[in-house]
Amino acid sequence: MDEPKTRWFFVDDDGNYRGPADLECVSILVEGGVIHSETMMHVEGSEDWEPAKTFFEFSVAATSQTPPPLPSFPPPLPSAPPPLPPPSKPEIRNVIDKTPRRGWREKVSAPLAEHIGDMGEKVMLRMLTRQLPLGGHNGYRIVRNLMFETPTGTTQLDLTVVSAFGIFIVEVKNYQGWIFGDPEQPRWTQVLAGGRKFQFQNPIRQNFKHLAVLSEKTGIPQNLIFPVVAFSNGCWFKTEMPANVMHFTDVPDYIKKFDTIVIKPEQLTEIVETFLSWDEDIDSEKKRNHVRNLKDAHAPASIHDRNVLCPVCGNRMALRRSRTDGHPFWGCTKYPGCKGIREAVE
């Protein structure tokens, strides 16, 4: 495995330190507009902070944009910036729209997120808004961080693209390193430099839950809702992936391949307004508990438990055994209609 050659740090437009990030991740942030020509950057091993234009080339349009004045800098850092403070409030969703008369607008603005996952969503959002034709009669609408209630609590969609060609639910994974995974495995593996390994929930199954709940709540057939899993360009797939699992830069072109109108254009605004009404019905306390609820729903369950619920559909689960190694696991009683599973422990 190749060791990372350099680590980069930068200060965003809100005056917050960001990093470390490798060169490929930085390139994606430059392309997405998160890093612009005047963004102050520091490369590990150097003693100074310098504008990004010192290291990268920017178009004339990009260099003409002047960001807000940066705060005063502390003395040069020997290795990494100080740790970031926790966010003062939860991230709120954006609705992005464009019309020929009114131009770009954000109905609900949100600050640059305080952690790397939300930064990935912002980069992916910028790519979609720049490469998809937004607004108009047949144009795309994008809803960010849509949250709504399910039988087991709440679920949240990173990015939802509503169009006449279908509804695309984009699960964003801003990961680095090597990614190993199989559509049928409950957990995938991330391998970082030095051989460090981390497991995470299978994002295909995670998105299947989103698809199933969205279809049930809207009445829109599942074959008109298309799940997409988007990984940062800073990672490498070391196992074969399905066609709907891809890097950030491939998502806009993938969505534009769907060119058959399956939803009446006049219904698009109504669908978006319905989505937003769900989000507004959830109080702030439920939104704060969303991550904890998500972890609880997918946590291993004892083989002696008699009330294990499926993390996908909310129905009861039954104790089963793997055909390959005999290891016990909890499987949804609605299988094969629902393929939700949970790990079984003693």
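Above this text sits the structure in question.
The structure displayed is predicted, hence computed values, not measured ones.

Conventions adopted
- Residues numbered from 1 in each chain as written.
- Predicted model: local features only at pLDDT ≥ 70, side-chain atom pairs only at ≥ 80, totals over all residues.
- Heavy atoms only, no water.
- Helix = DSSP H or I, 4+ residues; strand = E, 2+ residues; numbered from the N terminus.
- Buried < 20%, exposed > 50% of the residue type's maximum accessible area, 1.4 Å probe, protein only.
- Contact = heavy atoms within 4.5 Å.
- Areas by Shrake-Rupley, 256 points an atom, 1.4 Å probe, with all protein chains shown as cover.
- Pairing = 2+ DSSP bridges.
- Salt bridge = Lys/Arg side-chain N within 4 Å of Asp/Glu carboxyl O.
- Core = buried A, V, L, I, M, F, W, Y, C linked by side-chain atoms within 4.5 Å.
- Polar contact = N/O pair within 3.5 Å; in protein donor to acceptor, adjacent residues only side chain to side chain.
- Phe/Tyr/Trp six-rings, centres within 6.5 Å; stacked < 30°, edge-to-face > 60°.
- Expected span 1.5 Å × (residues − 1).
- Axes fitted to C-alpha atoms, helices over the stretch in contact; angles between N-to-C directions.

**Describing the overall build of the protein chain**
(1) Moving on: In terms of helices and strands, the protein chain carries 8 helices and 19 strands.
(2) Moving on: Residues classed as buried in the protein chain amount to 46% of the 346 residues present.
(3) Moving on: Pairs at least 24 residues apart make up 57% of the contacts formed inside the protein chain by residues separated by at least 6 positions.
(4) Moving on: In the form shown here, the protein chain has an accessible surface area of approximately 18200 Å², with 52% of it arising from carbon and sulfur atoms.

**Here we look at the pairing of strand E19 (residues 341-345)**
(1) Moving on: For strand E16 (residues 301-302) and E19, the ladder comprises 2 bridges, and the chain directions are parallel. Pairing of serine 302 across the sheet is with valine 345, part of E19.
(2) Moving on: As paired elements, strand E18 (residues 328-332) and E19 share 3 bridges and run antiparallel to each other. By the bridge assignment, tryptophan 330 is partnered in E19 with arginine 342.

**With respect to helix H1 (residues 23-31)**
(1) Moving on: Of all the positions in H1, only Cys25, Val26, Ile28, Leu29 and Val30 are classed as buried.
(2) Moving on: Downstream of H1 by a residue or two, glycine 33 has a phi angle that is positive, lying close to 85 degrees.

**Re the pattern of salt bridges**
(1) Moving on: By the definition in use, this model includes 4 salt bridges.
(2) Moving on: Salt-bridge contacts for glutamate 38 lead to lysine 53; the nearest nitrogen and oxygen are separated by 2.9 Å. One end of the pair, glutamate 38, is in the loop between H1 and strand E3 (40-43); the other, lysine 53, is in the loop between strand E4 (50-51) and helix H2 (60-63), and 15 residues separate them in sequence.
(3) Moving on: Since its relative accessible area comes to 26%, glutamate 38 is described here as partly exposed.
(4) Moving on: The exposure class assigned to lysine 53 is partly exposed, which follows from its relative accessible area of 47%.
(5) Moving on: We note a salt bridge from aspartate 253 to lysine 256, for which the minimum N-O separation is 3.8 Å. Placement of both aspartate 253 and lysine 256 in helix H5 (residues 251-256) is noted, with a separation of 3 residues, approximately one turn of the helix.
(6) Moving on: A relative accessible area of 36% places lysine 256 in the partly exposed class.

**Details of the nonpolar core**
(1) Moving on: Counting residues in each nonpolar core, the largest one holds 38 residues, and the members touching the most others are Met124 and Leu128.
(2) Moving on: At 6 residues, the largest contribution of residues to this core is made by helix H3 (residues 116-131).
(3) Moving on: Those residues in contact with methionine 124 that lie beyond four places of it in its chain are Leu159, Val170, Val172, Ala230, Phe248, Val251 and Pro252.
(4) Moving on: Membership of the second largest hydrophobic core comes to 21 residues, among which are Val162, Ala164, Leu214 and Ile225.

**Considering the side chain of serine 163**
(1) Moving on: By secondary structure assignment, the location of serine 163 is in strand E8 (residues 153-163).
(2) Moving on: Residue serine 163 is classed as buried on the basis of its relative accessible area of 0%.
(3) Moving on: Within the local environment of serine 163, its side chain forms a polar contact with the backbone nitrogen of phenylalanine 165, the two atoms lying 3.1 Å apart.
(4) Moving on: What serine 163 contacts, discounting residues up to four positions off in sequence, is Gly139, Tyr140, Phe168, Ile263 and Leu268.

**Things to note about the sheet that holds E18**
(1) Moving on: Here we have 4 strands laid out as an open sheet, ordered E16-E19-E18-E17, and mixed in their pairing. A strand with exactly one partner marks an edge of an open sheet, and here the two such strands are E16 and strand E17 (317-321).
(2) Moving on: Taken together, the 5 bridges between E17 and E18 define a ladder with antiparallel strand orientation. Of the residues in E18, the one forming a bridge with methionine 317 is cysteine 332.

**A closer look at the packing of aromatic side chains**
(1) Moving on: Per the counting criterion, the structure on display carries 13 aromatic pairs.
(2) Moving on: Judged by centre distance (6.1 Å) and plane angle (45 degrees), the ring pair of tyrosine 140 and phenylalanine 165 falls under tilted. You can see tyrosine 140 sitting in the loop between H3 and strand E7 (141-150) and its partner phenylalanine 165 sitting in the loop between E8 and strand E9 (166-173), a full 25 residues away along the chain. Of the two residues, tyrosine 140 and phenylalanine 165, both sit in the buried class.
(3) Moving on: Aromatic side chains phenylalanine 231 and phenylalanine 237 sit 5.4 Å apart centroid to centroid with 85 degrees between the ring planes, which places their arrangement in the edge-to-face category.
(4) Moving on: For phenylalanine 231, a relative accessible area of 0% puts it in the buried group.
(5) Moving on: Three or more aromatic residues link up through ring pairs in this structure, and these residues are Tyr175, Trp188, Phe200, Phe231 and Phe237.

**Points about the side chain of arginine 205**
(1) Moving on: Structurally, arginine 205 is set in helix H4 (residues 203-218).
(2) Moving on: From its side chain, arginine 205 meets the backbone oxygen of glutamate 184 in a polar contact 2.5 Å long.
(3) Moving on: The contacts of arginine 205, once residues within four sequence positions are left out, are Pro183, Glu184, Gln185, Pro186, Lys339 and Ile341.

**Side note on H4**
(1) Moving on: Counted at 1.5 Å a residue, the expected span for H4 with its 16 residues is 22 Å, and the 22 Å between its end C-alpha atoms agrees.
(2) Moving on: Residues Pro203, Ile204, Arg205, Gln206, Asn207, Lys209, His210, Leu211, Ala212, Val213, Leu214 and Ser215 constitute the buried set of H4.
(3) Moving on: Positioned one or two residues after H4, glycine 219 has a phi angle of 80 degrees, which is positive.

**Observations regarding the sheet that holds strand E10 (residues 177-180)**
(1) Moving on: Taken in spatial order, the 4 strands make up an open sheet running E12-E11-E10-E14, and their pairing is mixed. Each edge of the sheet is formed by a strand with only one pairing partner; in this case those strands are strand E12 (197-201) and strand E14 (235-237). The sheet shows a mean angle of 30 degrees between the axes of neighbouring strands, direction not considered.
(2) Moving on: The pairing of strand E11 (residues 187-191) with E12 spans 5 bridges and is classified as antiparallel. Residue pairing across strands places threonine 189 opposite glutamine 199, the latter belonging to E12.

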